[in-house]
Amino acid sequence: MVEVDARGLSCPEPVVRTKKAFEKNTSFSVLVDNETAKENVVRFCNNRKAKTNISPIDDGWKIEVSK
């Protein structure tokens, strides 16, 4: 599975990287380390009718995305 590591990045970069992964993959995960990035990535996916599953990890969240 493709994994987008967006930890340590400020918006809009996590969403930009999510969009690039979205264009090439039917499922992937995004790693983020702040609440704003988590909310923005999930909103982006919801707007595109993708399913998301959020799991806490040691230094943030893993957002699993599937179209």
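Data block above holds the structure.
Definitions and cut-offs
Residues numbered from 1 in each chain as written. Predicted model: local features only at pLDDT ≥ 70, side-chain atom pairs only at ≥ 80, totals over all residues. Heavy atoms only, no water. Pairing = 2+ DSSP bridges. Helix = DSSP H or I, 4+ residues; strand = E, 2+ residues; numbered from the N terminus. Axes fitted to C-alpha atoms, helices over the stretch in contact; angles between N-to-C directions. Contact = heavy atoms within 4.5 Å.

Q: Sorry, what's going on with the sheet that holds strand E1 (residues 2-5) here?
A: Sheet strands line up and pair through hydrogen bonds in the backbone, either parallel or antiparallel. The sheet built from four strands is open, its strands ordered E1-E2-E4-E3 with mixed pairing. The two strands at the open ends of the sheet, each matched to only one other strand, are E1 and strand E3 (51-57). Mean inter-strand twist for the sheet, computed between neighbouring axes without regard to direction, equals 20°. Sheet topology places E1 next to strand E2 (residues 27-32); four bridges connect them, and they run parallel. Across the sheet, the residue bridging to Val2 is Phe28, located in E2. Lying over the sheet, helix H1 (residues 13-24) contacts E1, E2 and strand E4 (60-66), oriented at roughly 170° with respect to E2. Across the sheet, helix H2 (residues 35-47) touches E2, E3 and E4, and the angle it forms with E4 is around 5°.

Note that every value here comes from positions in space, so none of it alone points to a role or purpose.
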